[in-house]
Amino acid sequence: MIDIRAIKSSKLFAITATYGALSLTLYVLLYLFEDSFLALASNGGWFFLVPVATAFVFSFVHGNFTAHFWDMLGIKAKK
Amino acid sequence: MEFATNFIDLNALDVTYLLVVGFIGGLVSGFIGSGGAFVLTPAMMSMGVPGIIAVASNICHKFPKSLVGAIKRAKYGQVDVKLGLVVGVSAEAGVLYGAHIQESIKAAFGDAGSNLYVSAAFVIVLGIVGTYVLLDAVRMHRTGHAGDEKVAKLALWVQSIHIPGTMVYFKSLNAKVSVLFTIPLGFATGMLAATIAVGGFIGVPGMHYVLGAPSLMSSATELVVAFVMGVGGTIKYAWSGLVDIRLAMIILAGSLFGIQLGAIGTTYVKPHMIKLVMGTIMVLVLLSRAIVIPVYLADLDLIDKLEPHLVSGLKNVSFVVLIAALATGASIIFAALWKGIAAHRIELATAQAEAPVAVAVAAPSRPQLSPIGRFERFLVTSDGSEYSAGAVRVSLRMAQKCGARVRVISIVAGGNAELYAMGEQLLARELDTARAHLNEVQHEAATLGVACETEVVQAGDIHKEIVSQADKMNADLIIMGRRGRRGLARLMLGDVTAQVIGHAHCSVLVVPRAAELPGRHFIVASDGSRFGDAAAAAAGSLAKLCQTPITVVSTMLASHSEQRREEARQAVNRVTSFLKQENVAVEGRLLEGRPDELIVGTASDKQADLIVVGSHGRTGIERILLGSTTERVLNQSKSAVLVVRAA
């Protein structure tokens, strides 16, 4: 018999792991290219787009990871 | 590497510190919509980050955090995007003006003058607003109205003012309000944000007490305001190259874990918890700033100079109290979240244990927004007689299965001449008997693990009181007994049950005294109208919960044309197809004869324990003249009858 809950839970784990890996990659890249990235983001003028765009990208990837993370731990909103 | 703007080197300890503070700040922001970020600027400065970079990096983490929080809470239906954008845009103007005032004061009185201004803003705003919010939370808790928010008198007045050309409808208020009220509110929010870094301490109470939005929606909508202000602030600071993107992203890493958790927490708590957390934080932050006021007064030579060790001591104590404010707020949220999740799990486990094959039933993939198929809040009326015993028994069992909350009321005559004629002693005895009965009900509910509250209510007009009580608690279902009066006697005496069905804004379950509702078989009466569709939707929800088969009955008369027969056939097919899609075992029957007799007869054949019918909501003379199938079914049926109110 197919266990639907097991399928759902493994799918949730896969999504969480994917976003987690992407998020980790972003932070590793930030660490590796710390100096040059900081210089680019603090150039001023139209370079303001760098920190703004970075914030949007991180919030999307890391935001999805954290949402699925609590979901995976069973901490979900009350319906 | 050295930068012109003097960015600091980060070590593992700094990163851990920022992650933890970011997490706690995010938790608080997710819960009350704001207030999590104010500690981050001093926290970064304590690491050696220059003040202006700390402010810039804080605001750069704040807007993506608010965005994620706003999206999360929008999924729970708590965000009023329009109100958030309207307040947010005016808040942006407030930020610019607030910053201008700050600069002017700094130019005139130096750092000490600027600090004194900020501290005075803290003390005045947080002192007045914070104390009011906290006292309101305590009052709601003490009076037992923790989950029952009333619109403030000020908000009712604001909503009553009509200024042509300025009125905008906001869904959180369910009313139109002049933007001439929202603009100053947003402006004040922005000014406070520019002064003490947390505009939400005015924004959230303002939207709640001045405009009339529920506190949960105010706190969620504040995240939209914070996002708008945050984007503007980030652009301003990043244009000058002042954002330390590393600091912002590290704080964001922690705060996004926190904000998700805080947002989830709001679904488990009553509205007064939002106020309790916000009020507590505001009062503690106020204390933190009040502690350092003597330092700034001494700097301005308004009081005698202080000893250097006293100055540093006061500043340290102030910072510790600031951290404590955030930690206290986070602790209250954690405790509420923990308690709420534990209680909810017990409810679900109890419901699952009672449901015969609940494990095999897939949970609905989408939340039930329509009250038609939602069974979460029941209002049960009981007078302690044998006629209402069935209603109480069935309601508690059903609540166990649905994980619903139950409110049982017993209505004692009051509010009219009869009350006085009864005499005080007789009335007191009536009240005591009702209370004793409700205590027994509560005990039974506790044994079954059902969340139940009871109240003895005095009212003159019983059906109006029942409908009003149901409206107040947003009941999904009113459950009541049946007296068994029929025909002329019912018409003459007036039947409370029929009156309630006629006037209620939710569905009504009528339970004969001997009826049980184990979920053997349900009958749905469908006439192809939207009332019949509502009945089918509600029956489908219950059937999925109990794994109960359904028979859909549609009737026609011998005199009906072929076209009418075809319509009836299509109606049955449509309803059965819908229920099949919902994974409910269903069969359709197209029968010829009197509808009430056929429905009750089919229920008897199938040994059904529930008949589900739609309500046209007619009352009075119209109902009597037209004749109501629903009423005749109610009178004839030996099983429970669910009368579903179409939206």
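So, a few notes on the structure that sits alongside this text. Note that this is a predicted model, so its numbers are computed, not measured.

1. Focus: the overall build of chain B
Part 1: A count of helices and strands for chain B gives 22 helices and 12 strands.
Part 2: Buried residues in chain B amount to 54% of all 647 residues.
Part 3: By sequence separation, contacts in chain B at least 24 residues apart represent 80% of the contacts at least 6 residues apart.
Part 4: Counting every atom, chain B has about 28200 Å² of accessible surface; 60% of that belongs to carbon and sulfur.

2. Some remarks on the packing of aromatic side chains
Describing an aromatic ring pair means giving the distance of the ring centres and the angle of the ring planes.
Part 1: Scanning the model with the defined rule gives 17 aromatic pairs over all chains in all.
Part 2: Consider the rings of Phe56 of chain A and Phe227 of chain B, whose centres lie 6.3 Å apart with planes at 70°: the pair is edge-to-face. With Phe56 of chain A in helix α3 (residues 49-72) and Phe227 of chain B in helix α8 (residues 215-239), this residue pair bridges two chains.
Part 3: On the accessibility criterion, Phe56 of chain A (34% relative accessible area) is partly exposed.
Part 4: In this structure Phe227 of chain B comes out as partly exposed when scored by relative accessible area, which is 21%.
Part 5: With centroids separated by 5.0 Å and ring planes inclined at 75°, the aromatic side chains of Tyr132 of chain B and Tyr209 of chain B adopt a geometry described as edge-to-face.

3. Observations regarding the pairing of strand β2 (residues 175-178) of chain B
The side chains of a regular strand alternate between the sheet's two faces.
All names here are of chain B.
Part 1: Pairing geometry for strand β1 (residues 167-170) and β2, over 4 bridges, is antiparallel. Looking across to β2, one finds that Val168 is bridged to Val177.
Part 2: Once β1 ends, the chain turns through 4 residues before running back antiparallel as β2, passing Asn174 with a positive phi of about 50°.

4. Overview of the layout of surface pockets
Residues and elements named next belong to chain B.
Part 1: Considering only enclosed or pocket space, the second largest pocket measures out at about 1600 Å³ in volume.
Part 2: Surrounding the second largest pocket, 43 residues form its lining, Thr41, Met45, Val55, Gln102 and Thr195 being those nearest its centre.
Part 3: Elements represented by at least two residues in the lining of the second largest pocket include exactly α2 (40-46), α3 (51-75), α4 (81-142), α6 (179-196), α8, α10 (271-299) and α11 (308-354).
Part 4: With 10 residues, the single largest contributor to the lining of the second largest pocket is α4.
Part 5: A per-class count over the lining of the second largest pocket returns 22 nonpolar, 13 polar and 8 charged.

5. Details of the packing of α4 of chain B against α6 of chain B
All names here are of chain B.
Part 1: At a minimum axis distance of 3 Å, the contact between α4 and α6 shows a crossing angle of 40°. Relative to α6, the element α4 is oriented oblique. Once α4 is placed against α6, the crossing between them reads as right-handed.
Part 2: Among the residues making up the contact of α4 with α6, the classes are represented as 23 nonpolar, 9 polar and no charged.

6. Some points on the environment of Pro595 of chain B
All names here are of chain B.
Part 1: Within the fold, Pro595 resides in helix α20 (residues 595-605).
Part 2: Judged by its relative accessible area of 23%, Pro595 falls in the partly exposed class.
Part 3: A sequence separation of 42 residues divides Pro595 from Val553, and the C-alpha atoms of the two residues are 9.0 Å apart.
Part 4: Ignoring anything within four residues of it in the chain, the contact list for Pro595 reads Thr555 and Thr629.

7. What to know about the interface of chain B and chain A
Part 1: At the interface, 40 residues of chain B touch 34 residues of chain A.
Part 2: Where chain B abuts chain A, roughly 3300 Å² becomes buried across the two surfaces, and 74% of that area is made up of carbon and sulfur atoms.
Part 3: Summed over the three residues of chain B that lose the most area to chain A, namely Trp239, Ile245 and Phe257 of chain B, the buried surface amounts to 19% of that side.
Part 4: For the interface between chain B and chain A, the tally reads 1 salt bridge.
Part 5: A salt bridge links Arg246 of chain B to Glu34 of chain A; its shortest N-O distance comes to 2.5 Å.
Part 6: Summed over the shared surface of chain B and chain A, the result is 9 residue pairs in polar contact (both at pLDDT 80 or more).
Part 7: Listing elements by their share of the side of chain B that touches chain A, those giving two or more residues are α3, α8, α9 (245-265) and α11 of chain B.
Part 8: It is α9 of chain B that provides the largest number of residues to the side of chain B that touches chain A, a total of 11 residues.
Part 9: In the side of chain B that touches chain A, the residues fall into 28 nonpolar, 6 polar and 6 charged.

8. Here we look at the packing of α4 of chain B against α10 of chain B
Residues and elements named next belong to chain B.
Part 1: The N-to-C vectors of α4 and α10 enclose an angle of 150°; their axes lie 7 Å apart at closest approach. As far as their axial angle goes, α10 and α4 are roughly antiparallel. Helix-helix and strand crossings are classified by hand; for α4 and α10 the assignment is left-handed.
Part 2: Considered class by class, the residues forming the contact of α4 with α10 number 23 nonpolar, 9 polar and 4 charged.

9. A few points about the nonpolar core
All names here are of chain B.
Part 1: Formed by 106 residues in total, the largest nonpolar core has its most connected members in Phe38, Leu126, Phe201 and Met249.
Part 2: Ranked by residue count, the leading element in this core is α9, at 13 residues.
Part 3: Every residue in contact with Phe38, bar those within four places of it in the chain, is listed here: Ile196, Val198, Phe201, Ile281, Val285, Leu322 and Leu326.
Part 4: Residues Val380, Val441, Val586 and Val612 belong to the second largest nonpolar core, which totals 49 residues.

10. Describing a nonpolar patch on the surface
All names here are of chain A.
Part 1: Together, Leu24, Val28, Leu29, Tyr31, Leu32 and Phe33 make up an exposed nonpolar region whose accessible area comes to about 670 Å².
Part 2: Within the secondary structure, Val28 is located in helix α1 (residues 4-32).
Part 3: Val28 sits in the partly exposed class, given a relative accessible area of 40%.

11. Some points on unusual backbone geometry
A negative phi angle is the norm for most residues apart from glycine, just as the trans form is the norm for most peptide bonds.
Residues and elements named next belong to chain B.
Part 1: With phi around 65°, Asn583 is a residue other than glycine that occupies positive phi space.
Part 2: Its place among the elements puts Asn583 in the loop between α19 (562-581) and β10 (586-592).
Part 3: A positive phi angle, close to 50°, is found at Gln607, a residue other than glycine.
Part 4: Relative to the elements of secondary structure, Gln607 occurs in the loop between α20 and β11 (610-615).

12. Re the side chain of His68 of chain A
Part 1: Assignment of secondary structure puts His68 of chain A in helix α3.
Part 2: Among all residues touching His68 of chain A, those that are not within four sequence positions of it are Leu12, Ile15, Thr16 and Tyr19 of chain A.

13. Focus on the pattern of salt bridges
Part 1: Taken as a whole and judged by the stated rule, the model has 12 salt bridges over all chains.
Part 2: Glu516 of chain B serves as the salt-bridge partner of Arg393 of chain B, at 3.1 Å between the closest nitrogen and oxygen. With Arg393 of chain B in helix α12 (residues 386-402) and Glu516 of chain B in the loop between β7 (507-511) and β8 (522-525), this residue pair connects regions lying 123 residues apart in the sequence.
Part 3: Where salt bridges share partners, they join Glu34 of chain A together with Asp244 and Arg246 of chain B into one cluster.

14. Remarks on the side chain of His463 of chain B
Part 1: The topology assignment puts His463 of chain B in helix α15 (residues 462-472).
Part 2: Every residue in contact with His463 of chain B, bar those within four places of it in the chain, is listed here: Val496, Gln499, Val500 and His503 of chain B.

Here is what the cut-offs are and how they apply
The residue numbers shown here count from 1 along each chain, following its written sequence. Chains carry letters and ligands carry numbers; both start at the beginning, A for chains and 1 for ligands, and go up in the order they are written. With the structure being a predicted model, the display of local features is reserved for residues of pLDDT at least 70 and the display and counting of side-chain atom pairs for 80 or more, all residues being used for whole-chain, interface and lining totals. Calculation of side-chain values draws on the structure's entire complement of heavy atoms; hydrogens and water are dropped beforehand. What counts as a helix is a DSSP run of H or I of at least four residues, what counts as a strand is a run of E of at least two, and both are numbered from the N terminus. Remark: exposure states derive from per-residue accessible area (1.4 Å probe, protein chains only) relative to the maximum for the residue type, with buried under 20%, exposed over 50%, and partly exposed in between. Should any heavy atoms of two residues lie within 4.5 Å, those residues are considered in contact. In short, Shrake-Rupley with a 1.4 Å probe defines the accessible areas, and a residue's cover is counted only from the protein chains shown. Note on ring pairs: Phe, Tyr and Trp rings are taken, using the six-membered ring of Trp, and paired if centres are within 6.5 Å. Classes follow the plane angle, with under 30 degrees stacked, over 60 edge-to-face and the rest tilted. Pairing between strands is defined by DSSP: at least two bridges between them are needed. Here a cavity means grid points, on a 1 Å grid over the protein atoms only, where a 1.4 Å probe fits yet cannot get out; a pocket means an open set of points with protein on both sides within 12 Å along at least five of seven lines; lining residues are those with an atom within 4 Å of a point. Grid points are joined across faces, edges and corners, and a volume is the space filled by probe spheres set on the points. Classification convention: Asp, Glu, Lys, Arg as charged; Ala, Val, Leu, Ile, Met, Phe, Trp, Tyr, Cys, Pro as nonpolar; all other residues, Gly among them, as polar. Axis geometry follows a simple rule: fit a line to the C-alpha atoms, using only the stretch in contact for helices, then measure angles between N-to-C directions, giving values from 0 to 180 degrees. Throughout this description, any angle smaller than 35 degrees is read as roughly parallel, any larger than 145 degrees as roughly antiparallel, any in the 65 to 115 degree range as roughly perpendicular, and the remainder as oblique. The handedness criterion is simple: a crossing whose near helix is rotated anticlockwise from the far helix by less than a right angle is left-handed, and one whose near helix is rotated clockwise is right-handed. Buried area: the accessible area, evaluated with a 1.4 Å probe, that two parts lose upon being put together, summed over both parts. Should a side-chain nitrogen of Lys or Arg be within 4 Å of a carboxyl oxygen of Asp or Glu, the pair is scored as a salt bridge. Here a polar contact means two N or O atoms within 3.5 Å. Within protein one must be a hydrogen donor candidate and the other an acceptor candidate, and residues neighboring in sequence count only if both atoms are side-chain atoms. In these notes, a set of buried Ala, Val, Leu, Ile, Met, Phe, Trp, Tyr and Cys residues joined through side-chain atoms within 4.5 Å is what counts as a nonpolar core. Nonpolar side chains (Val, Leu, Ile, Met, Phe, Trp, Tyr) within 5 Å and like charges within 9 Å form the patches, drawn only from residues with over 30% relative accessible area and no salt bridge.

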